[in-house]
Amino acid sequence: MDISKYGVPFFVVVAVVSLLVASPALSRVLVLPRTEFFSELWLLGPNGMAENYPYNISSGQNYGLYLGIGNQLGYCAYYVVEVKFRNETQSAPTSFGTLEPSSLPSLFNITAFVADEGTWQIPLTFSFAYGVNQTPLEVEFSSLTLNGAVLSLQGDSSAWNATESRFYGDLVFELWLFNSSTSVFQYHERFVDLQLNMTV
Amino acid sequence: MKFVFVVLVLCALLWSASFVAVCHGVSEADAASAVANADQTVIGCYQSAANAEQAGANVSALLVTLDDAGLLLSEAHLALLNGSFDSASALAGQCVAMLEGFNGTADGLKSSALQAGFVDFWVNIVGSAVGAVAVLVGGFLVWRFLKGKKSVKAGAV
C-alpha cells in the first residue's frame, strides 16, 4: 500500500483535531475587544412599553411608569437617578452641545447598582398634589408622591400657557454615575423626562 | 392640709419622673453623621462588589443587597432633607446593618473567582494550547513512523 497518497487527508484530520483541541484557547483569543462603553436610560409607560405615557395629570391621581438603566461600561456601576420637577421657565438638562444637568435641586435620589452588561428596571408610581390660583392663572404645587415618598413642591408653580393651552410640568430623571477614582457622582450626560399637562 | 397634700403629690410626681428613661430626639448633626456614615458604607461595599466582579465573580446577589441598602439610604437622605432626624438616623442605621458582612462575602466571592480563573487559565488556555501542539507533533511523528515502516518494507522487498 502506498501511504504517501494518504498524506493530505491524514494531515487534514490532524489539523482539524488540533483545532478542536485548541478551541477553548482560541475562543478567548479570537474575541473582538469591546470598544464602546456607555449606559442606557429609559422610561416606559405603565404597561412596560414605549406607549401610553401619562400626559394629562389630575391632582391626587396615581400614574405608573417604568424607569430602566442598561450598563455597558465594562464594570459594575453605581448609578443615582436624580428626580427633578420643573416648569417651563426653570432650568432643564441640555441634550445638545455641552451636556449639563438641570440646576434644580434633586427631589429624590434613586440608587441603582447594575452589573456589567446588565439591566435594571423599577416600576414608579407618582401623583401630584396641587391647586389652582386664578390671579395670576397658575397651578400651585404642594407635593409630588413618588413610590410612597412625599416630596415637597412648596413654592413651585406653573403659569398658564395660552399658546399650548396647558399648565406645563416636566418630570425629569437625570443619570449620575459614581466615579471610583474621585469618589464623587458625576452627571452621566443622560436624562429622560416626561412632559405633563396639569389639568384642573 | 390641702396645700401639704398637693405639695406631696407634686413631689411624688417629680420623684417618679426620675425613673422614666429620658428620651432624646436625634440632633441634625447626629442624623447627618449617620447618613454620611451610611453613604461611605455603601460606597465601600460597592467597591468590594466591583472588585469581585472584576475578578470574574457573579455578583448579582450582592447587587440585590446593595439595591435594597441604596433604597434605605435614599429614604434616609429624604428624611434628613425633610427634617425628620430620628427617621433619617434610623434608616441610615438599617442601611448599615443590612450591609454587615457584605465585604467578607464579596472578598470570599473574589477569592473563589480568582481560584476558578486560575484553574480555567491552566485547563482551558494553557491545556488546550499545549494539547493542540501535542496533536500536531503527534500526528507528524505518527506520519514519520508510518512512512519509515513503509520504507523498511520496501527495502526488504
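This report concerns the structure included in the present document. (Residues numbered from 1 in each chain as written. Chains lettered and ligands numbered in written order. Predicted model: local features only at pLDDT ≥ 70, side-chain atom pairs only at ≥ 80, totals over all residues. Heavy atoms only, no water.)

## Here's the deal with the interface of chain B and chain A
When the parts of a complex come together, some accessible area is lost, and that lost area is often used as the size of the interface.
In step 1: Every contact between the two is made by 32 residues of chain B and, on the other side, 36 residues of chain A.
In step 2: Interface area, chain B with chain A, both sides summed: about 2800 Å², of which 69% is carbon and sulfur.
In step 3: Across the contact surface, chain B and chain A share 1 salt bridge.
In step 4: At the surface where chain B touches chain A, the tally comes to 11 residue pairs in polar contact (both at pLDDT 80 or more).
In step 5: Going through the elements one at a time, α2 (28–54), α3 (60–81) and α5 (102–156) of chain B are the ones with two or more residues in the side of chain B that touches chain A.
In step 6: By residue number, the principal contributor to the side of chain B that touches chain A is α5 of chain B, which donates 16 residues.
In step 7: A breakdown of the residues in the side of chain B that touches chain A according to their chemical character gives 18 nonpolar, 8 polar and 6 charged. (Contact = heavy atoms within 4.5 Å. Buried area = accessible area lost by both parts, 1.4 Å probe. Salt bridge = Lys/Arg side-chain N within 4 Å of Asp/Glu carboxyl O. Polar contact = N/O pair within 3.5 Å; in protein donor to acceptor, adjacent residues only side chain to side chain. Helix = DSSP H or I, 4+ residues; strand = E, 2+ residues; numbered from the N terminus. Nonpolar A, V, L, I, M, F, W, Y, C, P; charged D, E, K, R; others polar.)

## Here's the deal with the pattern of salt bridges
Residue and element names in this part refer to chain A.
In step 1: On inspection of all chains with the given rule, the structure shows 7 salt bridges over all chains.
In step 2: Across the salt bridge formed by Lys84 and Glu82, the nearest N and O atoms sit 3.6 Å from each other. Here Lys84 matches Glu82 in class, with each residue buried.
In step 3: The closest approach of N and O atoms between Arg166 and Glu164, which form a salt bridge, is 2.6 Å.
In step 4: Residue class for Glu164 comes out partly exposed when judged on its relative accessible area of 43%.
In step 5: Through salt bridges with shared partners, a single network forms among Arg34, Asp116 and Glu117. (Buried < 20%, exposed > 50% of the residue type's maximum accessible area, 1.4 Å probe, protein only.)

## Notes on the packing of α2 of chain B against α3 of chain B
Residue and element names in this part refer to chain B.
In step 1: Contact geometry of α2 with α3 gives a least axis separation of 10 Å together with a crossing angle of 160 degrees. Relative to α3, α2 is oriented roughly antiparallel. Where α2 crosses over α3, the two elements pack in a sense that is left-handed. Where α2 abuts α3, its residues Glu28, Ala31, Ala32, Val35, Ala38, Asp39, Val42, Cys45, Tyr46 and Ala49 lie against Leu62, Leu66, Leu73, Ala76, His77 and Leu80. (Axes fitted to C-alpha atoms, helices over the stretch in contact; angles between N-to-C directions. Parallel < 35°, antiparallel > 145°, perpendicular 65-115°, else oblique. Left-handed = near helix turned anticlockwise from the far one by under 90°.)

By themselves, these are just geometric observations and shouldn't be taken as functional.
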